[in-house]
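# Remarks on the overall topology
Residue strings, one per chain:
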Amino acid sequence: MAKIGHPLRILPQIDSTNEEIKRNLAANLPEGAVVIADQQTNGRGRLGRSWHSEFGSGLYLSTLLKPDLPPENLSLVTLMAGVATATAIQHLAPVKLKWPNDILLNGKKLAGTLCECIYKPGSIPAVIVGIGINLNHTSFPKEIQGIATSLKLETGKTINRSELVLNLLQNLNSEYIEFLQRKNKNLIRKWTEQSNMFGKTMTVHQKGKTLLGTAVGLNPQGKLILQTPEGKKHVLDSGELIEAISKNL
Ligand code: BTN
């Protein structure tokens, strides 16, 4: 396994660091390569959303992984990236993971991950892990003002991006080693420990349907188990989760 962070490029501006990695795949970009940008002009989020990526305020980072694992393991990459990111921030602020890819601080979105898998017949899949963290933003555009936050806004401290990058790359490395060793139980445990969503009532919008239930755990593939008030368990692949009522069981 290659060490994550070699080679590492820092660009002043790019459309999206995930796209930059994608463009370089054909040129045989090695596993572990990292691209960081000071600004993204087309930062992308999950579910086709955009990721606010103003100059100099955030960490916008992508890395390339080539995990030689069966496809069913790949859905866990998002959880792995979430654990590595949350662990890297934890000493600065008490962040919480929200399934599948959110990192929240005081109930607002602080960071997110976007993992994209590219399959080519006969070769190991390329997995692009994109991580966005709001560091030193002092305000956000109107549309996301109520739901987004930054470490600066929450802690009052100016965050050193280089220190955070070093910490994040170290965490990604150690989580990735465990991931390749298929220590999935460890990963699920660490993810669960860093989340506060279990026992809470959630509304899920999925494939045109709305489901209400309590988040009760993750299955071994990292899917969310939601229990309805009638006691029926649903295993969720993806979808939009909204916390309906905060209720401890
Ligand atoms: C989300 O929460 O919806 C995912 C946000 C992911 C944002 C990061 S920033 C670096 C990388 N490049 C992108 O275009 N997106 C990811």
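What counts, and at which threshold
Residues numbered from 1 in each chain as written. Predicted model: local features only at pLDDT ≥ 70, side-chain atom pairs only at ≥ 80, totals over all residues. Heavy atoms only, no water. Helix = DSSP H or I, 4+ residues; strand = E, 2+ residues; numbered from the N terminus. Buried < 20%, exposed > 50% of the residue type's maximum accessible area, 1.4 Å probe, protein only. Contact = heavy atoms within 4.5 Å. Near = heavy atom within 4 Å. Polar contact = N/O pair within 3.5 Å; in protein donor to acceptor, adjacent residues only side chain to side chain. Areas by Shrake-Rupley, 256 points an atom, 1.4 Å probe, with all protein chains shown as cover. Nonpolar A, V, L, I, M, F, W, Y, C, P; charged D, E, K, R; others polar.

With that settled, consider the environment of L224. Relative to the helices and strands, L224 is located in strand β10 (residues 224-227). Take L224: its relative accessible area is 0%, and that puts it in the buried class. In this structure the C-alpha to C-alpha distance between L224 and E19, which are 205 residues apart in sequence, comes to 28 Å. Ignoring any residue separated from it by four or fewer positions in sequence, one finds L224 in contact with W99, M197, F198, A215, G217, L218, H234, V235, L236 and L241.

For the rest of this paragraph, the subject is the site of the ligand. Taken together, 20 residues lie around the ligand, and S16, Q40, R44, R46 and K109 are the ones closest in. In this structure, a nitrogen atom belonging to the ligand sits 2.7 Å away from a main-chain N or O atom of R44. Contact with the protein chains removes 98% of the 410 Å² of surface that the ligand exposes when unbound. Every element with two or more residues in the shell around the ligand is listed here: α1 (17-24), β3 (58-65), β6 (108-118) and β7 (126-134). Considering every element that reaches the shell around the ligand, the biggest residue donor is β6, with four residues. The residue inventory of the shell around the ligand, partitioned by class, reads five nonpolar, twelve polar and three charged.

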